[in-house]
Amino acid sequence: MNEIICPNCKKAFKVDEAGFADILKQVRDHQFEEELQNRLHLAEKDKESAVKLAEANLRNSLQEQIAKKDQELAALKSQNEIALAEKLNRKDAEITQLKAKMESVDVEKKLAINEAVQKIERERDTLAHEVKTKELEKQNLENSLKQQFSTELQGKEAIIKFKDEELARVKDMKLKLSTKMLGESLEQHCETEFNKLRATGFQKAYFEKDNDSRSGSKGDYIYRESDDAGNEIISIMFEMKNECDETATKKKNEDFLRELDKDRREKKCEYAVLVSCLEAESDFYNSGIVDVSYKYPKMYVVRPQFFIPIITLLRNAAMNSIQYKAELALVRSQNIDITNFEEKIQKFKDGFARNYDLASRKFKDAIDGIDKTIRELQKTKEALLSSENNLRLANEKTEDLTIKKLTYNNPTMKAKFGEVSSGE
């Protein structure tokens, strides 16, 4: 036990070692705290002094830098003022020189302007004269065009009037035909139409019903025509199909072409024609005479109103070759060697057929033109002219084909014709 005397009351009291150590620790902690506070206070004072010193140093440094910059700025300002003065002096000198040059240029410019003005005035007068001339030419051209357009307009009005009249006539014909068909068959109608012209246009023609059914089928009518010597000019197998007759099945024209071609070949007819009211709304068959030889040779499909025109067209084409058919028949009847002879005839027939086909197509184009607008009238005209040209070419070929040309380079034929001539 330790004995401790209180410094205030002077009393002694005893404490054990643990208590003594505790009291000693308290005393030491108090002293440490006081010492720490003293040191912190001193450190704070040192920090303030260092900050103030640093601020003073920084202020002095900045003032020195500012003073240095002011000196540099003053020097630069002085240099710039000197350089600016020199530039101003140079510019004044340049301005003086430019003024002198401008005065001289002004004189030249005035002269050039006067020259240019005079030139422009001359060009203006020339252009004015040309414009006046062009105006006169334009006025004359306008008058000429007006007169031309007036003439063309009158011609077009006449064509339009003709077209309207033709349309009215065709419509009236169709209306009459369709009305008439209700009361009689198409076969009777075609026979009646043919008989109306038989006495005047078809005096030597045969047109009767085909009653020969030995081959299993037969057409409706056969048209044949021969010359005075009995040489056949043309033969046509006709088949008539009326819409009224086929209302139950509504067949098409193509359904009858194969059988018609078979009848044509069996009855030894040159052409085949289907006169049909079938497919009444078809623009293809309503266009006029339709050539279907791309399917079956020498075959056509027509509406009833083209029954007589197709006979006339084929008959006129055949008449052009009748002379050569007669000569060929004479040569064959006398057993003449016809080496190369038939080849020349065939060549003529092929050429004629080509021209005829072209004419037939152009004829179709002409019929189409009736139902087209005014803009198509020119095309119709060209088609008709082309058709006429092809027919002319075909006629020239027929006129150009002579016995002399047929026997050229053919000694046998030449000798035979010589015998025939001497025998006569």
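Residues numbered from 1 in each chain as written. Predicted model: local features only at pLDDT ≥ 70, side-chain atom pairs only at ≥ 80, totals over all residues. Heavy atoms only, no water.

Engineer: Mind laying out the environment of Tyr 296, listing which residues take part and the relevant values?
Structural biologist: Assignment of secondary structure puts Tyr 296 in the loop between β7 (290-291) and β8 (299-302). Residue Tyr 296 is classed as buried on the basis of its relative accessible area, which comes to 16%. Spatially, the C-alpha atoms of Tyr 296 and Leu 257 are 7.6 Å apart, while their sequence positions differ by 39 residues. Aside from chain neighbours lying at most four places away, what touches Tyr 296 is Leu 257, Arg 258 and Asp 261. (Helix = DSSP H or I, 4+ residues; strand = E, 2+ residues; numbered from the N terminus. Buried < 20%, exposed > 50% of the residue type's maximum accessible area, 1.4 Å probe, protein only. Contact = heavy atoms within 4.5 Å.)

Engineer: Which residues make up the pattern of salt bridges, and what values do they have?
Structural biologist: In the structure shown here, the tally under the stated rule is 14 salt bridges. Salt-bridge contacts for Asp 261 lead to Arg 264; the nearest nitrogen and oxygen are separated by 3.5 Å. Of the two residues, Asp 261 and Arg 264 are both situated in helix α3 (residues 257-266); the distance of three residues between them amounts to about one turn of the helix. Note that Asp 261 is salt-bridged to Arg 265, the shortest N-O span being 3.0 Å. (Salt bridge = Lys/Arg side-chain N within 4 Å of Asp/Glu carboxyl O.)

Engineer: Go over the environment of Glu 266, please, and point to the residues and values.
Structural biologist: Its place among the elements puts Glu 266 in helix α3. Here the alpha-carbon distance between Glu 266 and Lys 218, two residues 48 residues apart in the chain, equals 9.1 Å.

Engineer: Tell me about the sheet that holds strand β6 (residues 271-276), residues and numbers included.
Structural biologist: Strand order in the open sheet formed by six strands is β3-β4-β5-β6-β8-β7, and the pairing between neighbours is mixed. Unpaired on one side and paired on the other, β3 (205-209) and β7 mark the two borders of the sheet. Of the strand pairs in this sheet, strand β4 (residues 221-226) and strand β5 (residues 232-241) are connected by six bridges, and their pairing is antiparallel. When the bridges of β5 are listed, Tyr 221 appears paired with Phe 238. Across the sheet, helix α2 (residues 186-201) is in contact with β3, β4, β5 and β6; its angle to β3 comes to roughly 160 degrees. In the packing of α3 onto the sheet, the strands contacted are β5, β6 and β8, and the crossing angle to β6 comes to about 140 degrees. (Pairing = 2+ DSSP bridges. Axes fitted to C-alpha atoms, helices over the stretch in contact; angles between N-to-C directions.)

Engineer: A description of the packing of aromatic side chains should follow, citing residues and the corresponding values.
Structural biologist: Considering all chains together, one arrives at nine aromatic pairs under this definition. Ring geometry for Phe 194 against Phe 202: centres 4.9 Å apart, planes inclined by 25 degrees, an arrangement best described as stacked. Given the relative accessible area of 0%, Phe 194 is considered buried. Classification of Phe 202 as buried rests on a relative accessible area of 5%. The interplanar angle of 75 degrees and the centroid separation of 4.9 Å between the aromatic rings of Phe 284 and Tyr 285 together place this pair among those described as edge-to-face. Judged by relative accessible area, Phe 284 falls into the partly exposed class, the value being 37%. (Phe/Tyr/Trp six-rings, centres within 6.5 Å; stacked < 30°, edge-to-face > 60°.)

Engineer: Please give an account of unusual backbone geometry that cites residues and values.
Structural biologist: A positive phi is found at Glu 279, a non-glycine position, where the angle reads about 50 degrees. When its relative accessible area of 23% is taken as the criterion, Glu 279 is described as partly exposed. Despite not being glycine, Lys 298 has its phi angle at roughly 50 degrees, a positive value. Residue position: Lys 298 is located in the loop between β7 and β8. Exposure remark for Lys 298: the relative accessible area of 33% places this residue in the partly exposed category.

Engineer: Which residues make up α2, and what values do they have?
Structural biologist: Over its 16 residues, α2 runs 21 Å from end to end, which matches the ideal 22 Å to within 8%, given 1.5 Å per residue. Looking only at α2, the buried set comprises Leu 186, His 189, Cys 190 and Phe 194. (Expected span 1.5 Å × (residues − 1).)

Engineer: Tell me what's going on with the state of the cysteines, and back it up with residues and numbers.
Structural biologist: Under the counting rule described, the total for this entry stands at zero disulfides. Here Cys 190 stays free of any disulfide, with the sulfur of Cys 277 as its closest cysteine sulfur at 8.1 Å. Look at Cys 277 and you get buried, because its relative accessible area is 17%. (Disulfide = S-S within 2.5 Å.)

Engineer: Help me get a handle on helix α5 (residues 307-319), residues and values and all.
Structural biologist: With 13 residues, α5 should cover 18 Å at 1.5 Å per step; its first-to-last C-alpha distance of 19 Å lies within 8% of that length. Regarding α5, the residues found buried are Phe 307, Ile 308, Ile 310, Ile 311, Leu 314, Arg 315, Ala 317 and Ala 318.

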